[in-house]
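An overview of the molecular structure
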Amino acid sequence: MSAGARARLIGAGYAAQGLGYAAVVTALPAFKERQGIDDAFVSAILLLVCVVAAGGSVIAEKVAARWGSRYALAGGLFLVGAGLAGTTVGTPNALFVVILLCYGIGLGTVDASLSMQGVLVQARLGRSVMSRLFAAYTAAAIVAALLMSWSLGRGSGATIAVGAAAGFSVLVGLAGWRGFEPARTERSSVVHEAGGRAVRRVVWVCGMLIFTAFLVDSAVSTWSSVYLKDSLAAKASVVPLGYAAYQAMVLVSRLFADHMVPRAGRVAMAVGSLAVSGAGCALVVLLPSVPAAVVGFAIAGIGVGVLVPLAFSAAGEAAAESSDEVIARVNLFNYGGALLGAVLLGALSEPISLRIAFLIPVLGVILTLPLARRLRHLTVAPVS
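Residues numbered from 1 in each chain as written. Predicted model: local features only at pLDDT ≥ 70, side-chain atom pairs only at ≥ 80, totals over all residues. Heavy atoms only, no water.

Here we take up the overall build of the protein. Counting secondary structure elements, the protein contains 13 helices and 0 strands. In terms of C-alpha radius of gyration, the protein reaches 20 Å, essentially the compact-globule figure of 21 Å for 384 residues. Its C-alpha atoms give the protein principal-axis dimensions of roughly 60 × 45 × 30 Å. For the protein, buried positions account for 53% of its 384 residues. Partitioning the intrachain contacts of the protein with sequence separation of at least 6 by distance along the chain shows that 85% fall at a separation of at least 24. Each charge sign in the protein was given a centre, from 27 positive and 16 negative side chains, and these centres are 6 Å apart. (Helix = DSSP H or I, 4+ residues; strand = E, 2+ residues; numbered from the N terminus. Rg over C-alpha atoms; globule rule 2.2 N^0.38 Å. Buried < 20%, exposed > 50% of the residue type's maximum accessible area, 1.4 Å probe, protein only. Contact = heavy atoms within 4.5 Å. Lys, Arg positive; Asp, Glu negative; His and termini not counted. Charge placed at Lys NZ, Arg CZ, Asp CG, Glu CD.)

In this section: helix α6 (residues 159–179). The end-to-end C-alpha distance of α6, which contains 21 residues, comes to 29 Å, matching closely the 30 Å that a straight helix rising 1.5 Å per residue would cover. Every buried residue of α6 is listed here: A161, V162, A165, A166, S169, V172, G173, G176 and G179. For α6, the arc enclosing every buried residue in end-on projection is 165 degrees, short of the 170-degree limit, so these residues lie on one face. When the buried face of α6 is taken as reference, the exposed residues oriented beyond 90 degrees from it are L171, L174 and R178. In this fold, the buried residues of α6 make contact with α1 (3–35), α3 (69–86) and α5 (130–153). (Expected span 1.5 Å × (residues − 1). Arc of directions from axis to C-beta.)

On to the packing of helix α4 (residues 93–125) against α5, then. In helix packing, the relevant descriptors are the interaxial angle and the interaxial distance, both defined with respect to the helix axes. For the pair α4 and α5, interaxial distance at closest approach is 10 Å and the crossing angle is 140 degrees. In this structure, α4 meets α5 at a crossing whose hand is right-handed. In contact with S115, G118, V119 and Q122 of α4, α5 contributes M130, L133 and F134. Considered class by class, the residues forming the contact of α4 with α5 number 4 nonpolar, 3 polar and no charged. (Axes fitted to C-alpha atoms, helices over the stretch in contact; angles between N-to-C directions. Left-handed = near helix turned anticlockwise from the far one by under 90°. Nonpolar A, V, L, I, M, F, W, Y, C, P; charged D, E, K, R; others polar.)

Once that is clear, we can look at the confidence of the model for the protein. Confidence along the protein averages 86 in pLDDT terms, with 95% of residues attaining 70 or more. Per-element averaging of pLDDT across the protein places helix α7 (residues 188–231) at the bottom with 80 and helix α9 (residues 266–286) at the top with 95. (pLDDT = per-residue confidence, 0-100.)

In structure tokens:
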């Protein structure tokens, strides 16, 4: 199989992940009604899913080191498909939680191994493709949301959309078992003998970029609709527009980023992406109006869309001989950022208001900006 064909298959893996995750989060209201659970129960489940997803990222690292990241990705997609399929039928709540935790392990395994695969195929192609791979994720997430809307509108519940995502994950996993990128990187012990401190620096710098990107992403994804509805009293038809504008700009920026990064340079793009993300959230804080909020969320999406694939690419190239392990560790930072964005903003919404709470991602951006400049000096000496 040619490198281009492998890249398209890996892109299908990104699409499967985006389709599945969006199907789950948009199905939560239907799950609540069917299972008879409340918001507190859902929040607890989501927290547990994030925790086990971090464990899935560690599993991906171990599998990739022993057999190769293509098997971690295929196996993770099978687990995601099984978990999604399990949620389509009513079960006792204890079993429902177990099913979602299995999905969470698969989610983390796929998250990490997708980036491993993307970096490997990008190196084989000799050109930047990570942003377009992530664009497949975003586009599929939008498709899932539309499919869920159609399914709920015709009275079919969440089963059609979630079931379709489950089937697609399994099909991509089957195709990728032999078709994903077979290349592997050195075991960590080999590389760490040559430059353990340099590897840790790569993980820290790129990991913090991922942490901040997902802090912004989680803040907007979780709270944009709540802010528009509860704080700004937006009309029901307007409430989803903040999230829609955000995702649309994430997609647009990812479609163009692969062409822009080589021209502008990785450091300039990282600094610019962080600044744009922070500016978008700052606009939400400074101008408490519906139009300003929607525009602010859209601006934040431009920065996040560029920053995530850029950080994974930088990590993979800086530590090319141990990229599988490094990317798995960098991927762990995304769960910390996601939890902080979802939990901290919610906790601060009562004492200081949700609008002011959007200063949290702005502060995260400001603290991370100095680290972005270190991308220029990230490298791990090759093993002789």
